[in-house]
There are 2 protein chains.
Amino acid sequence: MRGVDEELLMIPGPTFVANSTLRAMSRQMINHRGKKFGEMLTECTENLKKVFRTKNDLFILTSSGTGAMEAAISNTIEPGDKVLCPIYGKFSERFKLIVEAFGGIPVELPIEWGAVPDSGQIEEALEREEDIKAVTVTHNETSTGVRVPLHDIGKIVKKHNALFIVDTISSMGGDHIPVDDWKIDLCISGSQKCFSLPPGLAFISVSEKAWEVINKTKRRAFYFSLPDYLESYKKDPPEQPYTPALTFYYALQNSLRLLLDEGLENVIARHHKMAQATREAIKALELELFPEREETCSVTVTAVKIPKSVQDKELRGNIQKDHGILISGGQSALKGKIFRIGHMGHVTDKEILMTIYALEQSLKKLGQRIELGAGVEAAMKVFM
Amino acid sequence: MRGVDEELLMIPGPTFVANSTLRAMSRQMINHRGKKFGEMLTECTENLKKVFRTKNDLFILTSSGTGAMEAAISNTIEPGDKVLCPIYGKFSERFKLIVEAFGGIPVELPIEWGAVPDSGQIEEALEREEDIKAVTVTHNETSTGVRVPLHDIGKIVKKHNALFIVDTISSMGGDHIPVDDWKIDLCISGSQKCFSLPPGLAFISVSEKAWEVINKTKRRAFYFSLPDYLESYKKDPPEQPYTPALTFYYALQNSLRLLLDEGLENVIARHHKMAQATREAIKALELELFPEREETCSVTVTAVKIPKSVQDKELRGNIQKDHGILISGGQSALKGKIFRIGHMGHVTDKEILMTIYALEQSLKKLGQRIELGAGVEAAMKVFM
């Protein structure tokens, strides 16, 4: 629960960090090439694999999630390699930019913002365009509030002998993403979303098939060189190639224990319930969800169209000023057109109710005709 | 001062973090694109510029120091570009590896480990080899315990129209390095050394001349793209292109205030005194410094040859087991041949005395003929 001098962050990351995790971070430094660190690195890696549901190698990078996206691309894509990039928001677009930065050729598959790519579209693109080396998908596109149904895409990508690279930065640990079952070759996540940690660590799992490609790639990366991470992890005690952000490992260790103690299935079910309650509240207030179809709504962030009679800045400004609650606006082309409520990490029914209440109050204050209490009531129904 | 359940880290990083800095890190997350973060980013950047003594742009990266080394190279060096890399230890060698990873051609200037490159050797190399685009120098080579006299190298590099890229990861904030006076185009540092912070942040200053090169470079980097950092910093409020490690900014803000409150000149003088006391103690114990010449000894880490009759593992093992003090061994070719005492960050006369005392006890225990107390006495003389 937030302190009186803190704002409640209901944005799609960074998310609230548990007090026990904050306290873990005030521990003193240790030798990062010693036994104690090796044990902590091993525990964190193994527990992350449980969340990723993978037997693949998994590495922890000192960077934001974007660093892990770069690791996936720069270790596999050489100048001239073609990468299929469905683009349906700011983060799926980022893959394209990284592919370009490393000399790859992005084959764009543009999809309207608010919609998601489906397996049929990806199959078509793979059949149309020869020699696609990899396909990038952002599982949870926070900029539009959608999540991509991933389960059958991996099979198609595999059939075409391409690598399946998936960004789960804002969904892993909050949604059902079995990496191995879904044949994800490089799965990326970050610390500051569902893992309820400060930003600063990124995670990446690497399949055997991905290793085959990586080992053939003339590398164009150093800090994010995955073979170096593997080599260091195999040492006794296991270590990282470059000085790791020790403090965040203390936090990660604690946060993963909290997550696994609650139980991955329970955590995921909680996220689904928070998302459902938020959507029901939005609909009860006669507001419109931004995603085209409710089945493809994100379970960690809800994107809502701003009513025409209301100004984005006033709406979010009032919620912040009057209630101490931070929600997000739209990004890029969606600036001023949508607002977004993040409900990931340690968010519970109480935070959702507070936020919906504040939203109602603020809409009313701005002259919007709504039935006060209708949103809160709809959310509570989901919780009961 | 360390707690009873903590080891005293006298290694060349990570270094001890002050309690007030540890406490600062237990603050809750804030919005990283809001005004509060913008103010913190501005304060940290401006205070870092004071330590760097630069009017150049300066950026804070979420990565280890190696990430900032990669930023310097990947933003300026294109495939086929020649870079002069004097190599005299593990970290100066790292520049060469990064240049290669990005397709550049390292022109190696090998120098015996324990010695340093001088301006004459660099001038000669620049005259011998045409079209050198950049020169890399590691100011403080922690692997061998030397520091390079930098003051006149920048002028020579400038005369040959090359970029001067300097790694001050383990010396900035502890030694005298006026970036602008010494004409350093890209100056790199990291959080976990003299800045007395956890590892996880890196710093890089960028001169006008460096910008000219960067702006002409077809970029081969994304996460470390310096133009993106500049663009984000110019926003109102200033921000970072990718989610920054918030927690470490709380720490950085506190640590820079501590540093500037003590006074940069005083902090540097303290580091010089700690180094001198350590060297005097080593000599009084009739041990041999590893660097060829005492004038080129590092002020943040002292490298000492291990007497032939003593085993490295036993020596350091006893110091750790009997006294709870951690010192470092040698790296790469120097494994088992030297030990290294780090004295950077918040280290004071008390920690030096504890360490020398433990070293004496351990040497004696291993049957080395030394005059017990001679090291402590020699160090105390420097402090008096």
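Residues numbered from 1 in each chain as written. Chains lettered and ligands numbered in written order. Predicted model: local features only at pLDDT ≥ 70, side-chain atom pairs only at ≥ 80, totals over all residues.

**Some words on the domain arrangement of chain A**
Residue and element names in this part refer to chain A. Each assigned domain of chain A is listed with its residue range as follows: domain 1 (8-14 + 263-383) and domain 2 (19-260). Taken together, the contact pairs 26 residues of domain 1 with 28 residues of domain 2. Looking at the side of domain 1 that touches domain 2, the element that brings in the most residues is helix α10 (residues 264-284), giving four residues. Classifying every residue of the side of domain 1 that touches domain 2 by side-chain character gives 14 nonpolar, ten polar and two charged. (Domains from an automatic or database assignment. Contact = placed C-beta atoms within 7 Å. Helix = DSSP H or I, 4+ residues; strand = E, 2+ residues; numbered from the N terminus. Nonpolar A, V, L, I, M, F, W, Y, C, P; charged D, E, K, R; others polar.)

**Regarding the sheet that holds strand β14 (residues 338-342) of chain B**
Residue and element names in this part refer to chain B. The three strands are arranged β11-β14-β13 in an open sheet whose pairing can be described as antiparallel. Since the sheet does not close on itself, it has two edges, and those belong to β11 (301-305) and β13 (328-329), each with one partner. Here β11 runs beside β14; their pairing, made up of five bridges, is antiparallel. Residue A303 lies in a different strand from β14, and its bridge partner there is R340. Taken strand by strand, helix α10 (residues 264-284) contacts β11 and β14, and its axis lies near 15° from that of β11. (Pairing = 2+ DSSP bridges. Axes fitted to C-alpha atoms, helices over the stretch in contact; angles between N-to-C directions.)

**Side note on the packing of α10 of chain A against helix α13 (residues 374-383) of chain A**
All names here are of chain A. Their axes nearest at 7 Å, the elements α10 and α13 cross at an angle of 150°. If you check the angle between α10 and α13, you find them roughly antiparallel. The interaxial crossing formed by α10 with α13 has right-handed handedness. On the side of α10, the interface is formed by K273, Q276, A277, T278, E280, A281 and A284, while α13 contributes A374, G375, V376, E377, A378, A379, K381, V382 and F383. The residue makeup of the contact of α10 with α13, split by class, is nine nonpolar, three polar and four charged. (Parallel < 35°, antiparallel > 145°, perpendicular 65-115°, else oblique. Left-handed = near helix turned anticlockwise from the far one by under 90°.)

**Some words on the relation of the copies chain A and chain B**
Note that the two copies of the chain are related through a rotation about an axis and a translation along the same axis. The operation relating chain A to chain B is a screw motion whose rotation component is 180°, with 0.0 Å of axial translation and a residual RMSD of 0.0 Å. What we have between these two chains is a two-fold relation. The position closest to the rotation axis in chain A is occupied by the C-alpha of S63 of chain A, lying 2.7 Å away. A high fraction, 100%, of the interface residues of chain A reappear at the interface in chain B, so the copies pair face to face through one surface. (Least-squares fit on C-alpha atoms with pLDDT ≥ 70 in both.)

**Section: the interface of chain A and chain B**
In this complex, chain A contributes 43 residues to the contact, which on the side of chain B involves 43 residues. Mapped onto the side of chain A that touches chain B, the elements with two or more residues apiece are α1 (19-24), α3 (65-74), α4 (90-101) and α9 (246-262) of chain A. Grouping the amino acids of the side of chain A that touches chain B by side-chain chemistry returns 23 nonpolar, 15 polar and five charged.

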